[in-house]
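One-letter residues, chain by chain:
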There are 4 protein chains.
Amino acid sequence: MKVALLGGTGAVGQRFVKMLSGHPWFELTVITGKTSVGKRYGEVNWVLEGEVPEEFRDIVVSENSLESLKEVDLVFSALPSKEAREFERELMNRGIPLVSNASALRMDPLVPLIIPEVNPDHLSLIERQKELGVGPAATDPNCTTTVLTLPLKPLHDAYTLKRLDVASYQALSGAGYPGVPSYDIVDNVIPFISGEEEKVQNETKKLLGEVDGGEVKFASFDVQATCVRVPVLDGHMVAVHAEFEEEVDPEEAAKLLENFSSEPQRLELPTAPARPIHVRGEENRPQPRYDRDAEGGMSVVVGRIRKGANRHSLLFVVVGHNTVRGAAGQAILLAELMRAKNII
Amino acid sequence: MKVALLGGTGAVGQRFVKMLSGHPWFELTVITGKTSVGKRYGEVNWVLEGEVPEEFRDIVVSENSLESLKEVDLVFSALPSKEAREFERELMNRGIPLVSNASALRMDPLVPLIIPEVNPDHLSLIERQKELGVGPAATDPNCTTTVLTLPLKPLHDAYTLKRLDVASYQALSGAGYPGVPSYDIVDNVIPFISGEEEKVQNETKKLLGEVDGGEVKFASFDVQATCVRVPVLDGHMVAVHAEFEEEVDPEEAAKLLENFSSEPQRLELPTAPARPIHVRGEENRPQPRYDRDAEGGMSVVVGRIRKGANRHSLLFVVVGHNTVRGAAGQAILLAELMRAKNII
Amino acid sequence: MKVALLGGTGAVGQRFVKMLSGHPWFELTVITGKTSVGKRYGEVNWVLEGEVPEEFRDIVVSENSLESLKEVDLVFSALPSKEAREFERELMNRGIPLVSNASALRMDPLVPLIIPEVNPDHLSLIERQKELGVGPAATDPNCTTTVLTLPLKPLHDAYTLKRLDVASYQALSGAGYPGVPSYDIVDNVIPFISGEEEKVQNETKKLLGEVDGGEVKFASFDVQATCVRVPVLDGHMVAVHAEFEEEVDPEEAAKLLENFSSEPQRLELPTAPARPIHVRGEENRPQPRYDRDAEGGMSVVVGRIRKGANRHSLLFVVVGHNTVRGAAGQAILLAELMRAKNII
Amino acid sequence: MKVALLGGTGAVGQRFVKMLSGHPWFELTVITGKTSVGKRYGEVNWVLEGEVPEEFRDIVVSENSLESLKEVDLVFSALPSKEAREFERELMNRGIPLVSNASALRMDPLVPLIIPEVNPDHLSLIERQKELGVGPAATDPNCTTTVLTLPLKPLHDAYTLKRLDVASYQALSGAGYPGVPSYDIVDNVIPFISGEEEKVQNETKKLLGEVDGGEVKFASFDVQATCVRVPVLDGHMVAVHAEFEEEVDPEEAAKLLENFSSEPQRLELPTAPARPIHVRGEENRPQPRYDRDAEGGMSVVVGRIRKGANRHSLLFVVVGHNTVRGAAGQAILLAELMRAKNII
């Protein structure tokens, strides 16, 4: 399948490019950007480790326009939310297959918001898209939401989530590039990321909700989030205080997390990690620098699993790579899932 | 009053020295240490901004021993908890006046644990010490607990705390010196600080408890804490999710915080800040680097005051200087309070 | 004197504002900016420690235009070099007194480039400006050049500089705000700062040159510089390898540096430090974080003074505050010098 | 060959362990340490990325003693210099084959100091060791010296080095673990590393010297060095100002560097990089974070090659991985070279 990448010159866009290099199913043939239109992709300011993949160096960056997308079978979007709003809607309306990492369509009742291991069944929303002659369009959630929700899934399956209090420790790459000025963050942390807490609160409940009658019934637990930027390059960490309807045992929870696997693992999708959730027993893990690259950044790492103030409470810490599992890698995994199910 | 400082060469000890320079009531005449015994204080490895205060340069560092303390009227302790355990107990038993920042005696039922603005009335425990012929000995809480509890006080006075979920962003100086190896914390955060979460959970409830029949009845709300080290030099930040028995209005809460003042302000103690709690309205404040030095580090700064998932919930962020308000400055303020009340 | 500040919203501009607060001679009445025109100065994004000085909060940021400058007696410029090029030239041509920190006019043969302690006599160039009916206009050098040249002055007076090899460790604030993206500099240093090495090489020789026949004869020693950005907030450090025509003794050099004082000290100018050069004997000083604030950032701190590979070589390290001594503070000191000499 | 590793629990020791994992010629069977004696190696505090290699997890850390080394064919040493001094001498005297990364024996006239690509011929010193019935013992240089000297080799072959002025930007891992306290280095750089400048000055001249009559005649150029610690995890950067007897052309120099290869490449040693020196043309490279891992950290990366103040001067910047090329990797490469030449 020939694929296009919208917003391919930013931090998340570059991660897409890196992960699409050598992909067995998807051939990246079009990259759009805003500031670098007309440049060879090999000339953009590459901010990731290593070099621009050889095979994409000569792609000329094109505009975000329908014209640019004429010859592709699938469009990945790494657009900033403002640019995404109108253009992604247009793609959807014109029936151009879209897998987006942007926030624009995430809360649209017609559009499934998916973590492939968490709610692959939500792809059924696309049937309604078909009835309406739009799409197929699917989105994956915000990076922090992803890192948080993956470990919640097996717990919410076994017990019933009642309440979540979370605080995040978010990496610089989550702000894109150039992102956070260095003068703001050396010897500092910043307890505000625009729109982030709302995304965590809303998207978590859509992801763990249930499809009923062609729409998602949001999960009903409470979510309270404080989101904070820290001077870490990559890898979001979330401190999770979860309360369940039932009593919870930390050891049992650890086993549920460690043994969790889901449809991407069963389908052996190319980008699926063997174990989407790793559990570490050391008292000081997970840590962003040491754990963000678990299974190439596609697994999250959970640790410090412990009791809370009462028997219904479970506390833990989770780290995940915000631009791999939290963005590009997950969007590619979602596209693989859709392909495996013949949706695209 | 002549005062001694135990553990005066460490990071907190140096802060004591700096803050005792030019103090109107206390004259620092003895400094003890472990590794620098026999050295002039001017020769120790000074890690704070500026220089060793001129007047203390020629004090020769002495051992932690009773012998060293013969001629002082009051002992401040900045000892590491291990060293503090036996020695502080001995001082207390021998009736040597002690104000300690160490954790050794904090949970002792006989010893008041005090934030001067929060629970000055707990000093009444010292009457029981007198009856038993020990003390007077008083302690101030852990740095994170202090930063957290100061803003809780006016809220818990107006409403009734039911539950606290907190996550911390703690500065490097909180680990003492040499403390955290740089290789561990560049491009990283560490979600574990030994004993810290327990201290936050226990000390908060003692501080907000009530003295009844010569002992403290601990407050009964639940506390859940995740404590994390971040690459910030000074200034602990805490993300606070608080739930009350009553409905809470963020604007009203902001006013309660901003207008809060207490006994140290009324008594015009030398080290007391004019307003112990500052409130900021900007969406991205407080931040450790910009807010840790409010009123010389003696005030905490609260911001992002907002509603939680239900009407009983209040979320906010607080920053305070961990070695000033969270340690040396507060211990000195506590000694001033005790002096003003003729306890020492 | 009423003064205007061009480019007052940037990092250097804010430092000007801070240092002009309470200035005994200069009253800041006009602040221009580019992005914040029409805003109250109290509303700009303040990046320095503390708050916007009370007395300037209500100044409305105006455009960079002659119109804005009608009622002032002196103009300070903290403009970026591009914006400075035409506008400063225009101010000079129209006879509006100008003291600029921008690079635009520094190499103009008519315009003195001055460190007040190093070459106050270069102000005589302004006589030629008068003859031509322009100015008075004066500039101060690039921040790195300043930090480097201050300690060279007493050495070059006592001996004769033959060759300089310098490598810099430059702070983030030197790049302005937003400046260096945080993703570029965490766990990294960047060995390139556009135009910086050329500035260091050229400006040093103009500063240490001699005025002869109404123009500056540049000093003739060789300068080789490598300029590098490091993750430090404020304070440029320079490793200096200097070679002289004569043999040099490190101890003697240390005394020359320590005892150096010059016209700003004799004239007791308000912003002049008591000793423009501090010398430290510890083996690991100076360091940016500990030494950038010497005498409020107006002094540079020299250390590690030692022999080189031969008797003509002297090696040392110097730290200075890049936005105080290296920019705003020095420009204000220069204006004070010009005022004391009745040039403005 | 069975090999032992002395000092295997430190930062450099761990890098050895990582690089010996799966090595085709050397089987690591003994690891000594100081603080972890008796522990399984899998239980030491692993500070590198990834995990302790599976095959070494069950090795029990033994003492630094002859007893521990009875059954090995070769000893690698990553000992701190103090511990190395006596013990390495003893190993040498007893004829136990030794390849050391410690500084203890580097300046011993009997012991070759070798960068395999730079001076493999210096191994001939071992013949004298044999005559004296000691050794074979060889050492590799200090990390900064290595990164500096590799690119000097092809230049010094083509021209004649006359003078070197270098300033370093050295990573935290160079100080071992725990090494530099984080409180010292956040928002700071430290212009002093004990003994480092002397090592750079002396070792460079031994490495580029010539063996004559069984001993090394040191090269005669002047070296002046300022060594500075910066907050970078791994990767030393050196700003090099080199002066040659002959005129030097930067473009020609770039080609010499890029095309350089030597005996390890011809012998296709397992750890040899394809090109030991990479040259980059971007104006802002090399940078530690982006370039330290070139060819797994075994290549250094040179950039900013440019003219100095006169035609004999060449300026450039070089980055190399201090614990791979600068320590463990190079020592292993040296052992491979010795094996290929049947010295061990």
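Residues numbered from 1 in each chain as written. Chains lettered and ligands numbered in written order. Predicted model: local features only at pLDDT ≥ 70, side-chain atom pairs only at ≥ 80, totals over all residues.

**Observations regarding the overall build of chain A**
In terms of helices and strands, chain A carries 10 helices and 13 strands. A globule of 344 residues ought to have a C-alpha radius of gyration of about 20 Å, and chain A, at 19 Å, matches this closely. For chain A, the proportion of its 344 residues judged to be buried stands at 62%. Looking at chain A alone, contacts between residues at least 24 apart form 74% of all its contacts between residues at least 6 apart. (Helix = DSSP H or I, 4+ residues; strand = E, 2+ residues; numbered from the N terminus. Rg over C-alpha atoms; globule rule 2.2 N^0.38 Å. Buried ≥ 20, exposed ≤ 12 C-beta atoms within 10 Å, placed from the backbone. Contact = placed C-beta atoms within 7 Å.)

**A few points about the relation of the copies chain C and chain D**
Rotating chain C by 180° and moving it 0.0 Å along the rotation axis overlays it on chain D with an RMSD of 0.0 Å. Here the two chains are linked by the operation of a two-fold rotation axis. Most of the interface of chain C is mirrored in chain D: 100% of its interface residues are interface residues there too. (Least-squares fit on C-alpha atoms with pLDDT ≥ 70 in both.)

**Regarding the interface of chain C and chain B**
In this assembly, four residues from chain C lie in contact with four residues from chain B. When grouped by side-chain class, the residues that make up the side of chain C that touches chain B number two nonpolar, no polar and two charged. (Nonpolar A, V, L, I, M, F, W, Y, C, P; charged D, E, K, R; others polar.)

**Considering the relation of the copies chain C and chain B**
Superposing chain C onto chain B requires a rotation of 180° together with a translation of 0.0 Å along the rotation axis, leaving an RMSD of 0.0 Å. Both copies share a contact surface, since 100% of the interface residues of chain C are interface residues in chain B too.

**Some thoughts on the packing of helix 4 (residues 143-158) of chain D against helix 10 (residues 324-340) of chain D**
Residue and element names in this part refer to chain D. At a minimum axis separation of 8 Å, helix 4 and helix 10 run at an interaxial angle of 95°. Classed by the angle they form, the pair helix 4 and helix 10 counts as roughly perpendicular. Residues C143, T146 and V147 of helix 4 pack against R325, G326, A327 and Q330 of helix 10. Tallied by class, the residues present in the contact of helix 4 with helix 10 amount to three nonpolar, three polar and one charged. (Axes fitted to C-alpha atoms, helices over the stretch in contact; angles between N-to-C directions. Parallel < 35°, antiparallel > 145°, perpendicular 65-115°, else oblique.)

**Concerning the domain arrangement of chain A**
All names here are of chain A. Examined at the domain level, chain A breaks down into domain 1 (2-141 + 328-340) and domain 2 (143-321). Taken together, the contact between domain 1 and domain 2 spans 30 residues of the former and 28 residues of the latter. For the side of domain 1 that touches domain 2, the elements supplying multiple residues, two or more each, are helix 3 (125-131) and helix 10 (324-340). In terms of residues, the side of domain 1 that touches domain 2 owes the most to one element, helix 10, which gives seven residues. In the side of domain 1 that touches domain 2, the residues fall into 17 nonpolar, eight polar and five charged. (Domains from an automatic or database assignment.)

**Comments concerning helix 6 (residues 196-207) of chain D**
In a regular helix each residue adds 1.5 Å, so 12 residues correspond to 16 Å; helix 6 of chain D covers 16 Å between its end C-alpha atoms and thus fits that length. Regarding helix 6 of chain D, the residues found buried are E196, E197, K199, V200, E203, T204, K205, K206 and L207 of chain D. (Expected span 1.5 Å × (residues − 1).)

**Here's the deal with helix 1 (residues 11-20) of chain D**
Residue and element names in this part refer to chain D. Of all 10 residues making up helix 1, 10 are buried, and the element is well covered by its neighbours. By the burial criterion, the buried members of helix 1 are A11, V12, G13, Q14, R15, F16, V17, K18, M19 and L20. As for helix 1, its buried residues are in contact with strand 1 (2-6), strand 2 (27-31), strand 3 (74-77) and helix 10. Directly after helix 1, the chain includes G22, whose backbone phi takes a positive value near 75°.

**Re the sheet that holds strand 10 (residues 236-244) of chain D**
Residue and element names in this part refer to chain D. Pairing is mixed in the open sheet, where six strands are placed in the order 9-6-10-13-12-11. One side of each edge strand has no neighbouring strand; the edge strands of this open sheet are strand 9 (222-226) and strand 11 (277-279). Sheet twist, expressed as the mean angle between neighbouring strand axes with direction ignored, is 25°. The pairing of strand 12 (residues 300-307) with strand 13 (residues 313-320) spans five bridges and is classified as antiparallel. The partner of V301 across the bridge, within strand 13, is V319. Strands in contact with helix 6 are strand 6 (161-169) and strand 9; relative to strand 9, the strand with the most contacts, it is inclined by about 150°. (Pairing = 2+ DSSP bridges.)

**Regarding the confidence of the model for chain A**
When the pLDDT values of chain A are averaged, the result is 97; 100% of them are 70 or greater. Here the predicted complex scores 0.97 on pTM and 0.96 on ipTM. (pLDDT = per-residue confidence, 0-100.)

**Brief notes about the interface of chain C and chain D**
Between chain C and chain D, the residue contacts involve 33 residues of the former and 33 residues of the latter. Of all the secondary structure elements, the ones that give two or more residues to the side of chain C that touches chain D are strand 6 (161-169), strand 9 (222-226), strand 10 (236-244), helix 9 (288-291) and strand 13 (313-320) of chain C. The element contributing the most residues to the side of chain C that touches chain D is strand 9 of chain C, with four residues. When the residues that make up the side of chain C that touches chain D are grouped by side-chain class, the tally is 18 nonpolar, nine polar and six charged.

**A short note on the pairing of strand 2 (residues 27-31) of chain B**
A regular strand places its side chains on the two faces of the sheet in alternate fashion. Where strand 1 (residues 2-6) of chain B and strand 2 of chain B come together, four bridges link them in parallel fashion. Looking at the pairing, K2 of chain B lines up with E27 of chain B of strand 2 of chain B.

**Notes on the environment of L269 of chain C**
Within the secondary structure layout, L269 of chain C lies in the loop between helix 8 (263-266) and strand 11 (277-279). Ignoring sequence-local partners within four residues, the contact set of L269 of chain C consists of P264, L333, E336, L337 and A340 of chain C.

**Comments concerning the sheet that holds strand 13 of chain C**
All names here are of chain C. As summarised here, the arrangement of the six strands in space is 9-6-10-13-12-11, forming an open sheet in which the pairing is mixed. The open sheet has two free edges, formed respectively by strand 9 and strand 11, since each of these has just one partner strand. Strand-to-strand twist in this sheet, taken as the mean axis angle between neighbours without regard to direction, amounts to 25°. Inspection of the sheet shows strand 11 paired to strand 12 (residues 300-307) by three bridges, in the parallel sense. Counterpart to H278 in the pairing with strand 12 is V301. Where helix 4 (residues 143-158) meets the sheet, it contacts strand 6, strand 10, strand 11, strand 12 and strand 13, and its direction lies at approximately 35° from that of strand 10.

**Regarding unusual backbone geometry**
Omega for the peptide link from Y177 of chain C to P178 of chain C comes to 5°, which places this bond in the cis form. R285 of chain C connects to P286 of chain C through a cis peptide bond whose omega is 5°. Here E268 of chain A, not a glycine, exhibits a phi torsion of approximately 50°, which is positive. Tracing the backbone through its elements, the reader meets E268 of chain A in the loop between helix 8 (263-266) and strand 11 (277-279). Phi is positive for N342 of chain A, close to 60°, though the residue is something other than glycine.

**So, the environment of G38 of chain A**
Its location among the elements puts G38 of chain A in the loop between strand 2 (27-31) and strand 3 (74-77). Excluding anything up to four places from it in sequence, G38 of chain A contacts V60 and V61 of chain A.

**Overview of the pairing of strand 1 (residues 2-6) of chain C**
Residue and element names in this part refer to chain C. Buried residues dominate strand 1, accounting for four of its five residues. After leaving strand 1, the chain enters helix 1 (residues 11-20) and then returns to the sheet as strand 2 (residues 27-31), a path that is right-handed. Bridge count between strand 1 and strand 3 (residues 74-77): four bridges; the pairing is parallel. In the sheet register, V3 faces strand 3, and the bridge partner there is L74. (Right-handed = clockwise from strand over helix to strand, strands pointing away.)

**Some points on the environment of A274 of chain C**
All names here are of chain C. Locating A274 in the fold gives a position in the loop between helix 8 and strand 11. By the C-beta count within 10 Å, which is 11 here, A274 ends up exposed. Taking the C-alpha atoms as reference points, A274 and P264, separated by 10 residues in sequence, lie 9.2 Å from one another.

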